[in-house]
Amino acid sequence: MTQALRKLVRFDEFVAKYPGNSGKRYELYDGVVIEMSQPTDEPKLINYQISINFK
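Note that the structure is a prediction, hence the values are computed from the model and not measured. (Residues numbered from 1 in each chain as written. Predicted model: local features only at pLDDT ≥ 70, side-chain atom pairs only at ≥ 80, totals over all residues. Heavy atoms only, no water.)

Draft legend 1. Examining the overall build of the chain more closely. Along its length, the chain carries two helices and two strands. Relative to the globule expectation of 10 Å for 55 residues, the C-alpha radius of gyration of the chain, 16 Å, shows a markedly less compact shape. For the chain, the spread of C-alpha atoms along the principal axes amounts to about 50 × 30 × 20 Å. Excluding contacts between residues fewer than 6 apart, the proportion of contacts in the chain whose partners are at least 24 apart in sequence is 12%. Of the roughly 5400 Å² of accessible surface on the chain, a fraction of 57% belongs to carbon and sulfur atoms. (Helix = DSSP H or I, 4+ residues; strand = E, 2+ residues; numbered from the N terminus. Rg over C-alpha atoms; globule rule 2.2 N^0.38 Å. Contact = heavy atoms within 4.5 Å. Areas by Shrake-Rupley, 256 points an atom, 1.4 Å probe, with all protein chains shown as cover.)

Structure representation (structure tokens):
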């Protein structure tokens, strides 16, 4: 059984191929692009509460 090797992606390639305004979230981890799930309401609420405390 053989396994296909993934092509590692450099940061400049990542930025060019996966723009931040695409509506999807991606992370580059050790040269591998990972599609991330959208945040749920709970982390959004926590982020909001933290941002209010630091104003």
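Draft legend 2. Region of interest: the packing of aromatic side chains. Tallied over the entire structure, the rule returns two aromatic pairs. Taking the centre distance of 5.6 Å and the plane angle of 35 degrees together, the rings of Phe-14 and Tyr-18 count as tilted. Of the residues examined, Phe-14 reaches a relative accessible area of 11% and is grouped as buried. Taking relative accessible area as the criterion, Tyr-18 reaches 22% and is therefore assigned partly exposed. Where Tyr-18 meets Tyr-26, the ring centres are 4.5 Å apart and the plane angle is 45 degrees; that geometry is what we call tilted. On the basis of relative accessibility, which here comes to 25%, the residue Tyr-26 falls in the partly exposed class. (Phe/Tyr/Trp six-rings, centres within 6.5 Å; stacked < 30°, edge-to-face > 60°. Buried < 20%, exposed > 50% of the residue type's maximum accessible area, 1.4 Å probe, protein only.)

Draft legend 3. Up close: the pairing of strand β1 (residues 25-29). In terms of strand pairing, β1 meets strand β2 (residues 32-36) through five bridges, oriented antiparallel. Bridging across to β2, Glu-27 finds its partner in Ile-34. Two successive antiparallel strands, β1 and β2, enclose a turn made up of two residues, where Asp-30 displays a positive phi of approximately 50 degrees. (Pairing = 2+ DSSP bridges.)

Draft legend 4. Expanded view of a nonpolar patch on the surface. Together, Leu-45, Tyr-48 and Ile-52 make up a nonpolar patch on the protein surface, roughly 310 Å² of accessible area in all. The exposure class assigned to Ile-52 is partly exposed, which follows from its relative accessible area of 42%. (Patch = residues over 30% accessible without salt bridge, like charges linked within 9 Å, V, L, I, M, F, W, Y side chains within 5 Å. Salt bridge = Lys/Arg side-chain N within 4 Å of Asp/Glu carboxyl O.)

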